Structure formats: structure tokens, C-alpha cells
Amino acid sequence: MRYSRAKAGLLIGILSLLWVIWLFPTRAQVPCVDIDLGGGFEDPTVWATAGSDFPPQYVSEPVYEGTYALWFGVPPGAMERTGYSLVYREVSVPPGTTRLRFQWRLWPITVQVSDPFTVDLLTPDATETLIRVWLGQGDQLGPVGRWHAIDITAPAPGERFVLRFALLNDATDPVTQLVLDAVRLEACQAAQPKTPQAITPTPTFVSPLITPSATPSPSPTVTPTPTPTSTPTQTSTPTATPTPTVTAT
């Protein structure tokens, strides 16, 4: 009896484990890769710059890392003029990328609450905005005269897109000026559920602490007594008595 209960308990445990694995499949670690953007602005050929009158300029002060950073804005003395400054480049991420993590450093020099600084993901031909990653204005850019870290996560719009940083000045005093440096991108794929591995049941064994009961002797098998079948009575067929042959003397 104890031996049977031990087997039943082991079987129930194995079935419960299989049910949990099926109901709550474990997930693989999310694979992420760093995409080299040249976001330290050490090479002036990596990013394209544009602007109405004041495109971004490479500067050596302030710099968060490396030798150069990128300045945006309207210089002092031109505060009555509307202008925009932008920098952009095309980006490719691995197939299956679903999530993007952007990081960069900003050093506000002067800020105006009505001047937006935007980070956008555009179509590869840069004609349409797919996702606005970030919008900062005025105090959202942080206190002036120090570096601020920005860390934003956004869905991936595809394997190819254009990343653009842009600042618009609306000619209102004071103008907005800032420096951008240390732009980084991490591309991540969605976690995939692991395929549950087949579990080989552990061989059944008897614990030394369990004394198996003696094996009961099998009960004698009762052999049914055949019911006698009546044998039909045979009718005696009279045997013809041969006629004696008379032989002439």
C-alpha cells in the first residue's frame, strides 16, 4: 500500500511540474545591441547638418566626452530672427528590432520656453515623421550651464529610419542655445518564449524508509464446472435378418 502511494505521489508531482511549465513558459533574455551612431561628433562626415541661417556647429567647449560636441541655436545679436538648426543621419537596426533606447547629453546655454528642441524618427527619405521621441522646451531642457542626461525608450519603426535632432527659435528674447553630445542607441528585440524541454520522468524507486507490504498471494481461480449437455438418444435401427438361402438337395 505504501509503495503504491509513493508512486502516485511521484506521478502527481511530475504532472504538476509539466502543467506549470506549459502555463508559464520561461522567456529568453531580451537580446540588445549597441548601434554605432558616431554620436560623439568626432567625425564631421557622419551627421548631416542644416539650418535656415544657423546650422549646428562643431565646438570644443563644452564637451561631455571626446574632443567635440554639437552646438544648436541662434548666436547672440541675432535674437530677432527666426531660425532652425538640425542634424540628422540614417540608421539601420537588426531585423526583428522592436524597441529602441536613446541616450544623449544636453548642455543648455540659454533657453526660451517657446523654442522646441525635438528628436524624431523619420522615413528613410526624411519626408515623413514616424515617431516623435522627445520634445523639450524651456525648463524641460534643464538648468543652464551643466550637462543633463536624457534616456528615452521608443518603439522601432522599422529596420531603417532617419534620426533627427532639431531646434527651432521663434525670435523671442531670449533665444535658445544648447550643446548636444554623447548620442547613443541600443536596439532590442522582443523576448521569445523558450520551448519547454521534454522532461524525462525519474525512475520509480522505493525509499529505504518505506517498507513495502508483502505481495498478496493471488486468489485461486475458480474454474467453472461445465454444464453437462444432454446427449440425444439414438434410435436403434432394426437390423434386417438375412433370409436363409435354401439349397436344393
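Further up the page is the structure itself.
Computed from a prediction, not measured in an experiment: that's the story for all the values here.

**Q** I'd like to hear about the state of the cysteines, residue by residue, with values.
**A** Applying the stated criterion to the full structure yields one disulfide. One disulfide in the model links C32 with C188; its S-S distance is 2.0 Å. On the S-S bond that ties C32 to C188, the torsion sits near 115°, and the link is right-handed. Residue C32 is found in strand β1 (residues 32-35), and its partner C188 is found in strand β11 (residues 177-189); the two are separated by 156 residues along the sequence.

**Q** Tell me about the side chain of R89, and name the residues and values.
**A** Relative to the helices and strands, R89 resides in strand β5 (residues 83-92). No salt bridge is formed by the buried R89. Its closest oppositely charged neighbour is D36, at 6.0 Å. In terms of polar contacts, R89 uses its side chain to reach the backbone carbonyl oxygen of L37, at 2.8 Å. If sequence neighbours within four positions are ignored, R89 has contacts with D36, L37, G38, V46, W47, F161, V162 and L163.

**Q** Break down the nonpolar core for me, with residues and values.
**A** In terms of nonpolar packing, the biggest core is built from 32 residues, with W104, F117, W134 and F165 touching the most fellow members. Those elements that provide at least two residues to this core are β4 (69-73), β5, β6 (97-110), β7 (116-122), β8 (129-137), β9 (148-155), β10 (160-169) and β11. With five residues, β11 is the single largest residue contributor to this core. Once you skip the residues sitting within four places of it in the chain, F165 turns out to touch W47, F72, S85, L86, V87, W104, F117, T118, V119, L180 and V183.

**Q** So, the layout of surface pockets: which residues are in play, and what are the values?
**A** By volume, the largest pocket is sized at about 160 Å³. Together, 14 residues line the largest pocket, and D34, I35, V183, R184 and L185 are the ones closest to its centre. Elements supplying a minimum of two residues to the lining of the largest pocket: β1, β6 and β11. Per-element tally for the lining of the largest pocket: the top contributor is β11, with five residues. Grouping the amino acids of the lining of the largest pocket by side-chain chemistry returns five nonpolar, three polar and six charged.

**Q** Hey, could you go over the pattern of salt bridges for me, with residue numbers and the actual values?
**A** Inspection of every chain in the model, using the stated rule, returns five salt bridges. For the salt bridge of R160 with E90, the shortest nitrogen-to-oxygen distance reads 2.6 Å. Of this pair, R160 sits in strand β10 while E90 is found in strand β5, placing the two residues 70 residues apart along the sequence. Across the salt bridge formed by D120 and R132, the nearest N and O atoms sit 2.7 Å from each other. Taken together, the residues D120 in strand β7 and R132 in strand β8 connect sequence positions 12 residues apart. Of the residues examined, R132 reaches a relative accessible area of 47% and is grouped as partly exposed. Connected through salt bridges with shared partners, the residues D120, R132 and R164 form a single ionic network.

About the criteria used
- Residues numbered from 1 in each chain as written.
- Predicted model: local features only at pLDDT ≥ 70, side-chain atom pairs only at ≥ 80, totals over all residues.
- Heavy atoms only, no water.
- Disulfide = S-S within 2.5 Å.
- Helix = DSSP H or I, 4+ residues; strand = E, 2+ residues; numbered from the N terminus.
- Buried < 20%, exposed > 50% of the residue type's maximum accessible area, 1.4 Å probe, protein only.
- Lys, Arg positive; Asp, Glu negative; His and termini not counted.
- Salt bridge = Lys/Arg side-chain N within 4 Å of Asp/Glu carboxyl O.
- Polar contact = N/O pair within 3.5 Å; in protein donor to acceptor, adjacent residues only side chain to side chain.
- Contact = heavy atoms within 4.5 Å.
- Core = buried A, V, L, I, M, F, W, Y, C linked by side-chain atoms within 4.5 Å.
- 1 Å grid on protein atoms, 1.4 Å probe; cavity = no way out; pocket = protein on both sides within 12 Å on 5 of 7 lines; lining within 4 Å.
- Points joined across faces, edges and corners; volume = space filled by probe spheres on them.
- Nonpolar A, V, L, I, M, F, W, Y, C, P; charged D, E, K, R; others polar.

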